[in-house]
There are 2 protein chains.
Amino acid sequence: MPEMHEPFIETDAAGRLYDRRVREHLRRDVPENEVAATEALAALRLASHGFRNRMDRWLERHDMSEGRLSVLWRLRAKGSLTLGEVAESLDVSARNITGLVDHLERDALVERFPDPEDRRAIRVRLAPAGKQKLADIKREMGSARHGMVAGFTDEELSQLRHLCLKLAQNTIAHRELEKV
Amino acid sequence: MPEMHEPFIETDAAGRLYDRRVREHLRRDVPENEVAATEALAALRLASHGFRNRMDRWLERHDMSEGRLSVLWRLRAKGSLTLGEVAESLDVSARNITGLVDHLERDALVERFPDPEDRRAIRVRLAPAGKQKLADIKREMGSARHGMVAGFTDEELSQLRHLCLKLAQNTIAHRELEKV
DNA sequence: AGGTAATATTGAAGTACTTCAGATATGCCA
DNA sequence: TGGCATATCTGAAGTACTTCAATATTACCT
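Described in the following lines is the structure provided in the data block.

Parameters and conventions
Residues numbered from 1 in each chain as written. Chains lettered and ligands numbered in written order. Predicted model: local features only at pLDDT ≥ 70, side-chain atom pairs only at ≥ 80, totals over all residues. Heavy atoms only, no water. Axes fitted to C-alpha atoms, helices over the stretch in contact; angles between N-to-C directions. Helix = DSSP H or I, 4+ residues; strand = E, 2+ residues; numbered from the N terminus. Parallel < 35°, antiparallel > 145°, perpendicular 65-115°, else oblique. Contact = heavy atoms within 4.5 Å. Nonpolar A, V, L, I, M, F, W, Y, C, P; charged D, E, K, R; others polar. Buried area = accessible area lost by both parts, 1.4 Å probe. Salt bridge = Lys/Arg side-chain N within 4 Å of Asp/Glu carboxyl O. Polar contact = N/O pair within 3.5 Å; in protein donor to acceptor, adjacent residues only side chain to side chain. Buried < 20%, exposed > 50% of the residue type's maximum accessible area, 1.4 Å probe, protein only.

**So, the packing of helix α3 (residues 66-78) of chain A against helix α6 (residues 128-148) of chain A**
Residues and elements named next belong to chain A. Closest axis-to-axis distance for the α3/α6 pair is 11 Å, and the angle between their directions is 105°. Considering the angle they form, α3 stands roughly perpendicular to α6. Of the residues in α6, those in contact with Leu69, Leu72, Trp73 and Arg76 of α3 are Leu134, Ile137, Lys138 and Met141. In terms of residue class, the contact of α3 with α6 is built from six nonpolar, no polar and two charged.

This is the structure we're talking about:
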């Protein structure tokens, strides 16, 4: 049996999980009023790191990545978009989308074409193979996702969604303020 | 006034936030029993993406990155570690830690030294400048974090921590199973 | 109608992450 | 005691992300 990680996720008196390492770190010298925020954000980081790694591994079987898949979903929703619109929609740089679309184009999953109204812009749309790839992924995604949320009630998933979007709202509001 | 993002985070009848784009996508053809999980995981992705970008921008002022900062915190907690131990602790590849420690060493924030008991291994510890850097960052981190969790009650933060760690447990359990 | 600031995409250069392979060292077993 | 499997770190090569600058184009203002 290979060596396992030393467990660091424990349950407190109220029945809630906490990260022992973070709590030990906090005991040193983090002000009391920052404990809850620090622990929550550290947990968010841990969860998303694990989730992303898990998704990466799963998507490898489809010769896909999360970044490229996001582009495909967005194109499926919108029909076609300029590269800039894709970038804004996914909150990444236009340079990044250039690379992701290069890769998707190389795999024949999308097609680039000129924007009829703006000769600077390039539009992109799903190719038939891209539509098929999304159908294939969707067919199997359910069971993968099911494993990731094993043990969660619908109420917990709803609450997780709500709290994450509340956090996202803060980061979006902050970013919009920085534009001014 | 620069153009703002079209708002996509809305509130449902129960007073909970949801991502309109995800919900529209779900209405097409995602099975009912997968809706809650899909929405929760999409929200987690959005929150962590925004949080990470926000942290990146904030850490730039300290000439730091999240990856390198994680290394520093871990060294502060443990005194010294081998590069492999840092990698395992942060759930990243040893190759990645080599690069992060290269950068930290170049900035004189850490020091590498031979492991007295294993000539293959290299240990790393905080340099005095690293300790100072952590002190500087800690002094200001509170207000940055405060902004990120504006509008959250301690109860919500505790619940967010719990739900994220519950998710993290699933990804950790899955990864340990893959080792067998 | 011309000039100029802004926009869209991509080339260049960088960081953070991955996998794989190589060099050196360790530990275990026969 | 020697052989072999495993461990540790890093070089090589790759992806996904960033910023900045360059080129071509658009839009607006005088």
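**Quick notes on the interface of chain A and chain B**
Each side of the interface is counted separately: chain A has 82 residues, and chain B has 82 residues. Together chain A and chain B conceal approximately 8100 Å² of surface at their shared face, both sides included; 59% is due to carbon and sulfur atoms. There are 10 salt bridges connecting chain A and chain B. Residues arginine 16 of chain A and glutamate 155 of chain B are paired through a salt bridge, measuring 2.6 Å at the closest nitrogen-oxygen approach. Our count for the chain A to chain B interface comes out at 33 residue pairs in polar contact (both at pLDDT 80 or more). For the side of chain A that touches chain B, the secondary-structure elements that each account for two or more residues are β2 (17-19), α1 (20-29), α2 (32-60), α3, α4 (83-90), α6 and α7 (154-179) of chain A.

**A look at the pattern of salt bridges**
One pass over the structure, following the stated rule, counts 34 salt bridges over all chains. Here arginine 23 of chain A makes a salt bridge to glutamate 39 of chain A, at a shortest N to O gap of 2.8 Å. With arginine 23 of chain A in helix α1 and glutamate 39 of chain A in helix α2, this pair connects stretches of sequence that are 16 residues apart. In this structure glutamate 39 of chain A comes out as buried when scored by relative accessible area, which is 4%. In this structure, the salt-bridge partner of arginine 161 of chain A is aspartate 12 of chain B, at a minimum N-O distance of 3.4 Å. One end of the pair, arginine 161 of chain A, is in helix α7; the other, aspartate 12 of chain B, is in the loop between β1 (9-11) and β2 (17-19), on a second chain. In this structure arginine 161 of chain A comes out as buried when scored by relative accessible area, which is 5%. Several salt bridges converge on common partners, so that one network encompasses Asp12, Arg23 and Glu39 of chain A together with Arg161 of chain B.

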